[in-house]
Every structure is written in structure tokens, then in C-alpha cells.
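So the chains spell out like this:
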Amino acid sequence: MGVEGSMEYISEFLKKRKRKKKKQMQTVALRVACIDCEGCERKIKHILSGVKGVKSVDVDVKLQKVTVMGYVDPKKVLEVAKSTRKKVELWPYVPYTMVANTYISEAYDKKAPPNMVRKIPHTASVNETTVDDSYTIMFSDENPNSCFVM
């Protein structure tokens, strides 16, 4: 085994070694209840700064919002934040301009920051909209087999 054999061995070794995918930079926003004092703020900041991949932690006491930036997994950040024994959830609010029906009971929240409402899932699915289209076509003036009462 000369130089040529050792080069083959090294190239085989490098091919076999799997490369880990690098996580993307993410911003995770959390709502943490009962951030009352500077001690609570420091505790949350210290615990979340210890997570691998975290670049910065920003705590807004007035909104009870914690923003974590870095190469992290949102589920892991949420799990670590729950270890503080405070009620923690992903940030549930979005600007009211992004929600179609801001006045329904699910979206409105008294505790929401100004100009924000709760994020609600889209209620209309693709199947429901096609059913609605079929009814409009059935009773259309252009349909010769439509209802004669119309």
C-alpha cells in the first residue's frame, strides 16, 4: 500500500462520514406569564442563554414576551423555558391586519398588546370552497337545468 492506496483510504473515509445539516438562524417568540421583577427577567434570560446555539435573548417585561434568536429548535427552547416553572407558550399574537376576521371570539383577547389579535387557524378548507362553488353553479342563470322559481 503506497501513497495511492492511502489516498483512496482517506477519500473513502471522508465519503462515509455523514455531514450534519446546519440549523438555520431562527427567531422564537414566547409568551411567559408572570414576569414581575428583574429577578424573573434575569432567571429567564440566564436559562435560555444556556441553550446550545442561542445568540441573543431579549425579554420584554411589559408585553411578557421573550425573543430568542439563534440556531435553535423552537420545541427545545419551549421545553427549556418551561423548566422555569412559569406558564410558557409560543407567541400567540399577530398584527390584526393579518387576520381576516378580527372580531370573532377566538381572535379577540383582552390581554393582547395594542394592534394585535390572537392567531387563529384558517377555517375554510379546499373541499368546503368547492362545495360552495357547485351550489352557485347549480342556481346560476346560465344553467338551463336550474330551478324555474329563480
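Residues numbered from 1 in each chain as written. Predicted model: local features only at pLDDT ≥ 70, side-chain atom pairs only at ≥ 80, totals over all residues. Heavy atoms only, no water.

In the annotation of an unreviewed UniProt entry, the entry for the protein reads HMA domain-containing protein, and the organism field reads Thlaspi arvense.

1. Structural notes on the layout of surface pockets
Where we set the bar: Using a 1 Å grid laid over the protein atoms alone, points where a 1.4 Å probe fits but cannot get out form a cavity; open sets with protein on both sides within 12 Å along at least 5 of 7 lines form a pocket; any residue with an atom within 4 Å of a point counts as lining. Grid points are joined across faces, edges and corners, and a volume is the space filled by probe spheres set on the points. Under the grouping applied here, Gly and all other residues not named as nonpolar or charged are polar, the nonpolar ones being Ala, Val, Leu, Ile, Met, Phe, Trp, Tyr, Cys and Pro and the charged ones Asp, Glu, Lys and Arg.
Reported here for the second largest pocket is a volume of approximately 250 Å³. What lines the second largest pocket is a set of 11 residues, and nearest its centre among them are Lys 23, Lys 52, Gly 53, Tyr 71 and Val 72. Here the residues of the lining of the second largest pocket sort into four nonpolar, one polar and six charged.

2. Quick look at the side chain of Thr 84
We count it as follows: By definition, any uninterrupted DSSP run of H or I lasting at least four residues is a helix, any uninterrupted run of E lasting at least two residues is a strand, and each is numbered from the N terminus. A 3.5 Å cut-off defines polar contacts: any pair of N or O atoms within that distance qualifies, except that in protein one atom must be a possible hydrogen donor and the other a possible acceptor, and neighbouring residues in sequence count only when both atoms are side-chain atoms. Here, two residues are considered to be in contact whenever any of their heavy atoms come within 4.5 Å of each other.
Locating Thr 84 in the fold gives a position in the loop between α3 (74–82) and β4 (88–90). At 2.6 Å, the side chain of Thr 84 and the backbone oxygen of Ala 81 are in polar contact. For Thr 84, the contacting residues outside a window of four places in its chain are Lys 43, Ile 44 and Ile 47.

3. Observations regarding the pairing of strand β2 (residues 54–60)
Our working rule: Should DSSP find at least two bridges between two strands, the strands are taken to pair.
Inspection of the sheet shows β2 paired to strand β3 (residues 65–70) by six bridges, in the antiparallel sense. Within β3, the residue paired with Val 59 across the bridge is Val 66. Turn length for the β2-β3 hairpin, with the two strands adjacent in sequence and antiparallel, is four residues, and the turn residue Gln 64 shows positive phi of about 55°.

4. Some thoughts on the packing of aromatic side chains
The criterion, for reference: Side-chain rings of Phe, Tyr and Trp (the six-membered ring for Trp) are treated as a pair once their centres are within 6.5 Å; stacked means planes under 30 degrees apart, edge-to-face means over 60, and tilted covers the remaining angles. Residue burial is assigned from relative accessible area. The probe radius is 1.4 Å, only protein chains are included, and a residue is buried under 20% of its type maximum, exposed over 50%, and partly exposed in between. Placement of a positive charge over a ring is assigned whenever Lys NZ or Arg CZ falls within 6 Å of the ring centre and within 35 degrees of the normal to the ring plane.
Evaluation of the coordinates by the stated rule reveals one aromatic pair. For the pair Trp 91 and Tyr 93, a centre-to-centre distance of 5.2 Å together with 80° between the ring planes defines the contact as edge-to-face. Taken as a pair, Trp 91 and Tyr 93 share a single burial class, namely buried. Lying across the ring of Trp 91, Lys 65 places its NZ or CZ 4.8 Å from the centre.

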